[in-house]
Amino acid sequence: MGRKMSFFDFWKSMKERGALLERASQLRLLPSQLKHLHGDSGVRVALRETTIPSLLPPVGTAVFRRFTPDSPGEIKQRLEAEVQQVKKHEPYPAGVLEAGKPLPFIYGVPPPELLNTPLEDLDTHGQSDKRFIVLGKGSTIHRFNAEPSCYLLSPFNPFRTIAIKILTHSLFNLFIMVTILTNCVFMMMSNPPAWSQTMEYAFMAVYTFEVIVKVGSRGLWLEKFTFLRDPWNWLDLMVIFTAYLAMCIPFGRFSVLSTIPRILKLLPLISGMKSTLRALAQSVKRLAGIIILTLFCLSLLAVIGLQVFIGGLRHKCVIMPSSPNLLSNVIPGYYDNAAESSFDFADYMNNSENFYFLPGQIDALLCGNSSSSGVCPDGFTCLKWGKNPNYGFTSYDSFGWSLLSMLRLMTRDFWDNLVMLTLRAEGKHYLAFFMLFVFPSTFFILSLILVGVAMAFGEQEEARAAEAKQKEEEFSQIVEAVKRREEEEQTTELSEKKDGEDKSHEEAESGEQRSCPPCCFTLANLLLKWDCCSSWKWLKQQLYTFITNPFFDFGIFLCLIVNIVFMAMEHYPMSGGFEKHLRIAETVFTMIFAAEMVIKVVAMDPYNYFQVSWNIFDSVIVFISLLELAVQDVSGLSLLRNVRLLRVFRLARWWPSFQMLLKIISSSGQKLRNSTLLLLIMVFLFAVVGMQLFDKDYKDHVCHISSDCTLPRWHMVDFFHSFLLIVRVHCGQWVETLWDCMAVAGQPMCLIFFITILVIGNLLVLNLFLALLLSSFISHSLVAVEDTRKNNVYIAMGWIRKQIRTFLGKKKHVHKESNGKEDKNQESLALRVPSHEENNDHTTVPIAMPEMDLKMPEDEEEIKKHPELQQVEDGKDREGVSPEDCCVKQCYRCCPLLDIDTSRGVGRVWSNVRKASLMIVKHRGFDIFIFFVILLSTVALMFEDIHLQNRPVLERAVKLVDQVCIYLFLLEMLLKWLAFGLKKYFTDAWCWLDFLVLDVFVASLIAHKMGYYELGAIQSLRALGPLRAMSRFGGVKVLVHYLFRTGPYIFDTLLVALTLWLTFSMIGVNMYAGKFYYCFNETSGELLLPGEVNNKSDCLSLVTENYTEIRWKNAKFNFDNVMNGYQSLQQMEASSDWFDIMYAAVDSTQVESQPGYERNIYSVLYFIFFFIIAFFTLNFFIRIIINHLQKDKVGGKPIFMTEEQQKCSKAIKKWILKNRTPAQRPQNQCQARLYDLVTSQVCEVIVLAVIFLNILALMLETEDMSAEKEEIMYWILFICIVIYVIELILKIIALRRHYFTDWLNVLDFIVVFLSFSGLFITDLMEKYFVTTSCFALFRLLCIFRVLRFCRCARAIRKLIVGFMMSLPALFNIGLLLFLIMVTFSLFGMYNFAYVKKDAAIDDLNNFETFLNSLSCMFMTTTSSGWTGLLWPITDTPPDCDPYEDNPGLMATGNCGNPLVGIIFFHTYIILYILLIVHLYIAVVLETFNSEDSEALCEEDLKMFHKTWRTFDADASHYIPYSELSDFCNALQDPLRIPKPSTVKLIHMDLPLFTGDKIHCLDVFNKLAAQVVKDPEDLDSLKGRMKEMFEMNSSKESDEPISSTLKRKQQEVAATVIQRAYRKGVLKAAEETALEFVDEGVPGSSHPADA
């Protein structure tokens, strides 16, 4: 029926589920309990309602019985005698005894002599005389067929017995795994040694031996459990077949056919991997509908790109011919190909030297012919010729290339290059197309994929938890049943025996935990416990008291922080004296930590000291630090310096958030081992396959992708480079390597290879990310994180704060006495940020809908205790017309003149003025007016670009508008001062924002009036003006309130991430400081080779020899100090342009030495490790956000939206899921026939076929399409539209007004009307006005008609409904993101407009105008290209000229401000990452919560009707009650109730009619009520189902004789009566027997024998 748990319920129960799974995995029965369970019939009777008796053999029968030659006959007899009678109605759990699973705990531990021995099958329900089991190591079940293997070997044949023992032995799997791993080592060799062929023969022998053992033990394929019945064994067959075939036929590059199955053979050998793969397969199955929707959306975007941008990327800047005669022949030669012209236009255009190239680019500069497209330099013209950019692979010229471009946009890989190429060729106005259509569509796709995988994982987690809960319940039932049985059997003896067994069991468990021989404990007590004399014990006691003092840990904590600060002070270049001081400081801190270790060892004894994991970590670092001091002058041991940097992790001992992150990282290696191994195996597989497929192509055709015919950095010639390329693809950077591959190896093979990596890799990474986030095991392991209130550092800091407060409190006490009680009601900001010291559970910030409701009430504690008072206060504030006091009471006390009597005279006039002001500011029109003033002011700010000074009229208009807006804002402020008073105004955070922004505007206006035009800081702060609009949107205010509440926790998370990054930054400083410098020729733009220049001295000597173009430069992003390292790490984390940093590290050699190509190739592992840590950091960041979202979700209130938006969201859901009553069949015969025609499935199929034919025709269009093909396509589209029009007319005639009651029909009508009109509009515009690609969009409207057929695509609709419900929340988050984007765009325009055009800043992508600046910020929002924007901003002389004249402008210089630029981009990146994460979380929340609320569709009703007909062949509308369970099981979801369903069907309380029959409508009503919650929808469904069954009046004449629930109650009552009667009869018989005994022979204590 679907999931019953919301996302927050699921998140909240993760720890409980983790603990439950942990307990269930450790359940063990004691020997005495097993004895009772297996041999006591009373215990079996007590457990008869459970599945346990069905799993166990009859009482008195051995659990484990050897499989002997007599076993088949005995099993057959038992089946005939017992199964049909006793086991028939017993509940039975499916899959408990499945092959490959461990033995259930109810069987106990099998005797060692029975391991690897054939035993009779324990599965009594599925038991057969033709199979047996073997228990391997860990009680793993192996099931075999008892028929002769290969018709020759019976189960008792010695050869088969040996094969079975080999197969089930644990060393056999280990031997095969070692063989495969060894084979993988040889696969990694690009040039294997000559003797590798001998090893190949050895591998073949091992694989052949494995197959022989498996076939000999299991048989081949005819029966169950044979070799070929297991799909994993097909890999063995493929390995053998390809290996022997390769001996006869050389495979060449297709040797991967043998490589792939060999690597995949690792998967079934890893414990638990099959379960992981099954879970992953279930996720993929869940994603089937989403994959279809993704393909549809991408195809739609691809067709749009094809129709709008076809051929656009071929426009290039071509130099004009030098001869005027040739110039006059260019256009005729191009269009007419004039024979009389001597100018060969084709040869001229095919010569790439005639194109304009930017320095360092391999593609010609693109251009366009629209007003907003790229412009060619002087002397060049824009013509359409040649191939597309990037080897011709970036284009929209066919559906395939357009689809690849859209996939590139969806995955955000180098998309900024594609967008900029498109804008340069087609015009900047198409940026709106990408912002409003392409990227929202791709966000929609990605969010649905995320939700689909998350839901599938959530269902698997719940299923595992349900299984564990059932297991735990069965365990407790067994324990209780055994306990009751023991009590019934009385005897203290048995009780003592049980106690003894419990004690021995506990001792055994403790022995297992200690798992060491007694001699080890004796030795440990002798050597590791130091208790020699009383004085030593006294010393230990004193030291122990010392180290347990909170201030001891606090002192160590401070020493750690100071030590980290000293370690972070290393930089390049560093003077000798500074380096000496750092070395002395490091020695001092090493001695301090060594002394700490010694003191703790003495105080705690080594035995206790090393029981704590943190102490072990501390001691390792101390020993390595001491070793470093001893060998600090020895070269080559610099790695030891990096180990001491791990002291940063010691902070986690007293920092709970940091400790939680480390626990997540450590737990993932244990709990998610299989998911991680699966990802690594697939990376290895693709690396080996890529090397074997493409290594020869890269070697032979390298000149296609490299001008000097040398291999690029990313290739697949050897394993390591192939591995790095696969890792890059998994990081999302795939398209550039795909271009290189297609250029050297062809398109089909490369496309298949890379798309496969992209799909499988992203699925595995997403699955691992969600498993890390949602796994119950991970959450359960975080329970042990130490609370902040329990560690010594917190206690010490609390004591210090207390002393400070006590000290300050003495001074405040006098102040309180003088002021009385009034200081207690001090005002505070509404958006007060709670500190860490406050109790987070009770910290609240009011969420105000009106503007002025942000003020905290005076009696804050009372309001917290009684939240309803806040509502009363709000109501009074809205309804009352009397303004509050203008000032606080202290002002009235200090200045009594302010206290005016408002009942008369001037005071009354003053009061009336304030009341009028209050009515004005509370009027809705006032807020709307102020919003439009804000909008007008923002528009005025947008026009203040560098070109404004050249437009005097516009400049005067902008200044006038700016002044008017300032005056209006001043008037608004004065009105609010009058209406609300200064007290209320200045205690409202939103008013403070308005006040501060207005101050900036007024200061700017005054400065301009006084002639100060160079106040750049004030000019920049005017960009904050758009933020005033936030308070005018209730949803944005709610979101901002939430962000402020979670601000401290997000800051704490960022601090944890920065601390972790600090370690990597310091390691980077130690490894790469001073190594990123290089000698560069700025004239040619080339790097000098190491043979020409070896180091800095050689480079500077060239400079002294008057080689002025030579410079010794440093990389823009480097590791010369910790701050530079932070900046480099930030670029790698939040940008796709991180390759330059990695290239510099890979090429680095020594300090002040010229870099060499890949001299330090293995340093790339540093960056891979950082990406892994960044993966965990992002996961931790999202976990913290969801944790606090879950805490804020109190009382069912919405988080990201207002209550009105919540109602709107529910209305959207209700509208989408509403069941619309179909139109009735008309009475008119002609209309009735049309009705039957248009509502038939045949008509729907025909229309769907026409739609796909239309889409196919659009897809087949290409740039170089011939005229004949173009005409054919036109007529196909024309015929399709005509068919749509005919269908539309027929439907309107048949359905009449009911046609427009369905929104899909309305959409259909609009699409058909616009499509038909588009034919004529396009022709008219192209014939009489201008040709434009925009009219091609009319032809695409027909694609939306396919939405009509998605009504019952259940899996897709569930997700779409959730996405639609999240639209209000997405609007709020998106609006806030847009306001921030506009603010930063204005700030960038004011500060970076004159920056030098370099890197990503050019004539289109810059900060000169607002639209260009908005385009730059949009690029930054998607984490792409911002590094290229920051690069020129950080330029300093001589890379830029601060005195360069800007033609036509008054400003001089083209340098930026590095500090402002770095803060600008990093702040924006943090904000947008925070909001983008909340965007995805909002979709996940709504989709999780809305999945189960889906209504039934027409297909569900037809399915019910069809299924009922199969059970009701006579069409009587009745079926026997006994068939109800089979009927409900035969239905499909969501109406299906699977077996066993007895209890559920009884509680449905269906009416019973004569003959114990049930009616179809009664069954449907009960089933539909479990799915549909809306009564109106339910009544509509009942009416439609009644019409479907064509009901007559027969049911009304029948009266029910009973109901299913009443019948069950009668049966239960009858059973109770029968048992009571039998019990009474037996009791009477016993009393009679006792009377007979009493009257018997004297002296006899026993009755006579019967």
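Everything numeric here is computed off the predicted structure, so don't read it as measured data.

Criteria and thresholds
Sequence order as written defines residue numbering, which begins from 1 separately in each chain. Predicted model: local features are reported for residues with pLDDT of at least 70 only, side-chain atom pairs are reported and counted for 80 or more only, and whole-chain, interface and lining totals are derived from all residues. Neither water nor hydrogens contribute to the side-chain values; these are computed over all heavy atoms in the structure. Stacked, tilted and edge-to-face pairs are distinguished by plane angle, under 30 degrees for stacked and over 60 for edge-to-face with tilted covering the rest, among Phe, Tyr and Trp rings (Trp via its six-membered ring) whose centres lie within 6.5 Å. We call a residue buried when its accessible area falls under 20% of the maximum for its residue type, exposed when it is over 50%, and partly exposed in between, using a 1.4 Å probe and counting protein chains only. Lysine NZ or arginine CZ positioned within 6 Å of the ring centre and within 35 degrees of the ring normal marks a charge as sitting over the ring. Note on terminology: a nonpolar core comprises buried Ala, Val, Leu, Ile, Met, Phe, Trp, Tyr and Cys residues joined through side-chain atoms within 4.5 Å. The contact rule is simple, with two residues in contact once any of their heavy atoms fall within 4.5 Å. Angular values range over 0 to 180 degrees, each being the angle between N-to-C directions of two axes fitted as lines to C-alpha atoms, with helices fitted over their stretch in contact. Strands are runs of DSSP state E lasting at least 2 residues, helices are runs of H or I lasting at least 4, and numbering of each runs from the N terminus. The cut-offs work like this: below 35 degrees is roughly parallel, past 145 is roughly antiparallel, 65 to 115 is roughly perpendicular, and the gaps in between are oblique. Whether a crossing is left-handed or right-handed is set by the direction in which the near helix is turned from the far one by less than a right angle, anticlockwise for left-handed and clockwise for right-handed. Strand pairing is assigned whenever DSSP detects at least two bridges linking the two strands. Whenever a pair of cysteine sulfur atoms sits within 2.5 Å, that pair is classed as a disulfide. When a carboxyl oxygen of Asp or Glu lies within 4 Å of a side-chain nitrogen of Lys or Arg, that pair is called a salt bridge.

Caption draft 1: Seen up close, the packing of aromatic side chains. Inspection of every chain in the model, using the stated rule, returns 87 aromatic pairs. Their ring planes at 85° and their centres at 5.6 Å tell us that Phe753 and Phe754 sit as a pair that is edge-to-face. Arranged with centres 5.2 Å apart and planes meeting at 65°, the rings of Phe986 and Trp992 form a pair that is edge-to-face. Using a relative accessible area of 31% as the deciding quantity, one classes Trp992 as partly exposed. The ring centre of Tyr1143 lies 4.4 Å from the NZ or CZ of Arg713, which sits over that ring. Between the NZ or CZ atom of Arg1028 and the centre of the ring of Phe969, over which it lies, the distance is 4.2 Å.

Caption draft 2: Structural detail: the nonpolar core. If you look at the biggest cluster of nonpolar residues, it comprises 312 residues, and the most contacted ones within it are Phe434, Phe753 and Phe1200. If we skip the residues at most four places from it in the chain, Phe753 touches Phe686, Val689, Gly690, Leu693, Phe694, Met716 and Ile726. Val63, Ile106, Leu114 and Ile141 belong to the second-largest nonpolar core, a separate cluster that totals 26 residues.

Caption draft 3: Representation of the packing of helix H8 (residues 170-187) against helix H9 (residues 196-218). H9 packs onto H8 with a crossing angle of 150° between their chain directions and a minimal axis gap of 11 Å. Here H9 runs roughly antiparallel to H8, going by the angle between their axes. You can see that H8 and H9 cross each other, and the crossing is left-handed. Counted together, Phe172, Phe175, Ile176, Thr179, Ile180, Thr182, Asn183 and Phe186 of H8 and Ser196, Met199, Glu200, Phe203, Val206, Tyr207, Phe209, Glu210 and Val213 of H9 form the full contact between these two elements.

Caption draft 4: Quick peek at the environment of Ser675. Topologically, Ser675 is positioned in helix H28 (residues 673-700). On the basis of relative accessible area, Ser675 is assigned to the buried category, the value being 14%. When the C-alpha atoms of Ser675 and Leu764 are compared, they prove to be 7.8 Å apart, with 89 residues separating the residues in sequence. Setting aside residues no more than four positions away along its own chain, Ser675 makes contact with Thr276, Asn767 and Leu768.

Caption draft 5: Looking closely at the sheet that holds strand S3 (residues 141-145). Strands sit in the order S1-S2-S3 across an open sheet of 3 strands; the sheet is antiparallel. Looking at strand neighbours, the two that pair on one side only are strand S1 (118-120) and S3, the edges of this open sheet. Strand-to-strand twist in this sheet, taken as the mean axis angle between neighbours without regard to direction, amounts to 45°. Where S1 and strand S2 (residues 131-135) come together, 3 bridges link them in antiparallel fashion.

Caption draft 6: Fine view of the sheet that holds strand S6 (residues 1077-1081). Here 3 strands make up an open sheet; going across it, the order is S7-S6-S8 and the pairing antiparallel. Whereas interior strands pair on both sides, the edge strands pair on one side only; in this sheet they are strand S7 (1086-1087) and strand S8 (1110-1114). Direction of pairing for S6 relative to S7: antiparallel, over a ladder of 2 bridges. Paired with Asn1081 across the bridge in S7 is Glu1086. The sheet strands contacting helix H44 (residues 1096-1104) are S6 and S8, and the helix crosses S8 at an angle near 145°.

Caption draft 7: Structural view of the state of the cysteines. Enumeration according to the criterion identifies 6 disulfides in this entry. Across the disulfide from Cys703 sits Cys709; the S-S distance is 2.0 Å. Residues Cys703 and Cys709 are joined through a disulfide that is right-handed, its torsion about the S-S bond being 120°. With relative accessibility at 45%, the residue Cys703 sits in the partly exposed group.

Caption draft 8: Expanded view of the pattern of salt bridges. Here the structure, examined in full by the defined rule, presents 42 salt bridges. The salt bridge partner of Lys540 is Asp605, with a shortest N-O separation of 2.8 Å. One end of the pair, Lys540, is in helix H22 (residues 534-547); the other, Asp605, is in helix H24 (residues 576-609), and 65 residues separate them in sequence. We note that Lys540, like Asp605, is buried. In this structure, Glu628 engages Arg644 in a salt bridge whose closest nitrogen and oxygen atoms are separated by 3.4 Å. Here Arg644 lies in the loop between helix H26 (639-643) and helix H27 (656-671) and Glu628 lies in helix H25 (residues 613-630), a separation of 16 residues in the sequence. Accessibility expressed as a relative area gives 4% for Arg644, which makes it buried.

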